[in-house]
Amino acid sequence: INSEINFRRTETLANMCDERARMLQDQFNVSMNHVHALAILVSTFYHGKQPPAIDQKTFGEYTERTSFERPLTSGVAYALRVRHSERENFEKKHGFTIKKMETEDQTLAQDCDPEKLDLSPIHDEYAPVILSQETVAHIVSIDMMSGTEDRENILRARSSGKGVLTSPFKLLKSNHLGVVLTFAVYDTHMSQDATPEQRINATVGYLGASYDVPSLVDKLLHQLASKQTIVVNVYDTTNISAAIRMYGPNETDTGLLHISSLDFGDPARKHEMHCRFKNKP
Ligand code: WA2
């Protein structure tokens, strides 16, 4: 009888965990498709029209009104590719200087001389944000290539033509770990078999979405009944020997554990969901 009970418990935990993992994965996939569609929108109406048919006001309104289509995202933004030779013209035209991304410590330290410190130093090229959803308005004018994770994402997105994900990192103006999803925008339609070099040359900008993982996964799990029965953790397991906890409490319990796989659509990143019962039998 005991082994029968244990068998049922194991099965229940597996079902609950798999259901939650599938929900999270599906919602992520849905929002990824809509971010992809936004990249095509920018390509069509910003780059495809002269002058551009989208400005900050239009982009802000449209992305706010369609945010229901991008569950789990905290905001979307568009960064333009700017060569160093174009920097002066760009800054004049847009009426702002290209800023570099700062860590919190730097932001606190720069109180003495804010103007100078946040200017982006000279590089071959930049990716300043020019359009944003209201929720991430604080990244407008910041060079996304000046942040390690954002830069890596931009380079991988433009050479692959695919949606790519960062590893978890602390997003600007957020106290949580999050991830950023990036799609490159090209100046011509790219065929499926375009080479990385052709893609890099045709790149005109980057459409990205940020995911504040803890608050958004919380929201998702709260929709389910019996939330009180199990403890859920989400990990980035890309580096197996150094998994990063993206969601949930420190795992101290040694009881029954079920691991469900999670596929967020970027083959370069691996994720897992770990579930445990809250109470011992
Ligand atoms: N968006 C929001 N908060 C952030 C962030 C980000 N990146 N990086 C750090 N905190 C415009 O890939 C292009 C969005 C980057 C896209």
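Preceding this paragraph is the structure being described.
Residues numbered from 1 in each chain as written. Predicted model: local features only at pLDDT ≥ 70, side-chain atom pairs only at ≥ 80, totals over all residues. Heavy atoms only, no water.

Describing the site of the ligand
This is how it is decided: In this text, near means that some heavy atom of the residue lies within 4 Å of the molecule or strand in question. As used in this structure description, the phrase polar contact means that two N or O atoms lie within 3.5 Å; if the pair is within protein, one of them must be able to donate a hydrogen and the other to accept it, and residues adjacent in sequence are counted only when both atoms belong to side chains. Surface accessibility follows the Shrake-Rupley procedure with a 1.4 Å probe radius. Residue values consider only the protein chains on display as shielding. Helix and strand labels come from DSSP, where a helix needs a run of H or I of at least four residues and a strand needs a run of E of at least two; each type is numbered from the N terminus.
What surrounds the ligand is the set Ala 77, Ile 139, Met 144, Asp 150, Phe 169, Leu 171, Leu 172, Val 180, Thr 182, Tyr 206, Gly 208 and Ser 210. Within the side chain of Asp 150, one N or O atom sits 2.6 Å away from a nitrogen atom of the ligand. Contact with the protein chains hides 98% of the accessible area of the ligand, taken as 410 Å² for the molecule alone. At the level of elements, β9 (177-186) and β10 (203-212) are the ones that each hand at least two residues to the shell around the ligand. Of all the elements, β10 adds the most residues to the shell around the ligand, at three residues.

Details of the packing of helix α1 (residues 2-47) against helix α8 (residues 213-222)
Condition: Fitted lines through C-alpha atoms give the axes, limited to the stretch in contact for helices. The angle between two N-to-C directions lies from 0 to 180 degrees. Roughly parallel means an angle under 35 degrees; roughly antiparallel means over 145; roughly perpendicular covers 65 to 115; every other angle is labelled oblique. The handedness criterion is simple: a crossing whose near helix is rotated anticlockwise from the far helix by less than a right angle is left-handed, and one whose near helix is rotated clockwise is right-handed. Note on definitions: a residue-residue contact is assigned when non-hydrogen atoms from the two residues lie within 4.5 Å. Residue classes follow a fixed rule: Ala, Val, Leu, Ile, Met, Phe, Trp, Tyr, Cys and Pro count as nonpolar, while Asp, Glu, Lys and Arg count as charged, and any other residue, Gly among them, counts as polar.
It is the contact of α1 with α8, at a shortest axis distance of 11 Å, that shows an interaxial angle of 125°. The angle between α1 and α8 places the two elements in the oblique class. The interaxial crossing formed by α1 with α8 has right-handed handedness. Two secondary-structure elements touch here, α1 through Arg 20, Met 23, Leu 24 and Gln 27 and α8 through Val 217, Leu 220 and Leu 221. In terms of residue class, the contact of α1 with α8 is built from five nonpolar, one polar and one charged.

Focus on the nonpolar core
Just so we agree on the cut-off: The nonpolar core is taken to be a set of buried Ala, Val, Leu, Ile, Met, Phe, Trp, Tyr and Cys residues, with the residues joined through side-chain atoms within 4.5 Å. When a residue's accessible area, from a 1.4 Å probe over protein chains only, is under 20% of the maximum for its type it is buried; when over 50% it is exposed; and in between it is partly exposed.
If you look at the biggest cluster of nonpolar residues, it comprises 52 residues, and the most contacted ones within it are Leu 24, Tyr 78, Ile 130, Leu 207, Tyr 211 and Met 273. No other element matches the 14 residues that α1 contributes to this core. Once residues lying within four places of it in the same chain are set aside, the contact partners of Met 273 are Cys 17, Arg 20, Ala 21, Leu 24, Val 232, Asn 233, Val 234, His 258, Ile 259, Ser 260 and Leu 262.

With respect to the environment of Leu 207
Mapping Leu 207 onto the fold places it in strand β10. Apart from residues lying up to four places away in sequence, Leu 207 is in contact with Val 35, Leu 38, Ala 39, Val 42, Phe 59, Ala 77, Tyr 78, Leu 181, Thr 182, Phe 183 and Val 185.

As for helix α6 (residues 148-160)
One turn of an α-helix holds 3.6 residues; hence residues three or four places apart share an orientation. This is how it is decided: One less than the number of residues in a helix, times 1.5 Å, gives the span that helix is expected to have. By construction, the arc corresponds to the directions joining the helix axis to the C-beta atoms.
End to end, α6 covers 18 Å across 13 residues, agreeing with the expected 18 Å (1.5 Å per residue, within 8%). Turning to α6, its buried residues are Asp 150, Asn 153, Ile 154, Ala 157 and Arg 158. Mapping the buried residues of α6 onto a view down its axis gives an arc of 115°, with all of them on the same face. Where the residues of α6 are buried, they touch β4 (125-126), β7 (164-165), β8 (169-170), β9, α7 (196-202) and β10. Gly 161 sits one or two positions beyond α6 and adopts a positive phi of about 75°.

Considering the sheet that holds strand β12 (residues 244-247)
Under the convention used in this document: Paired strands are those between which DSSP finds at least two bridges.
Strand order across the open sheet formed by four strands is β12-β11-β14-β13, with antiparallel pairing between neighbours. On the outer flanks of this sheet lie β12 and β13 (257-262), each paired with one strand and no other. The mean angle between the axes of side-by-side strands here comes to 30°, regardless of whether they run parallel or antiparallel. Sheet topology places strand β11 (residues 230-236) next to strand β14 (residues 271-277); seven bridges connect them, and they run antiparallel. Bridged to Asp 236 within β14 is His 271. Contacts from α1 reach β11, β13 and β14, with the element oriented near 25° to β13. Its contacts with the sheet place α8 against β11 and β12, and it is angled at close to 50° to β12.

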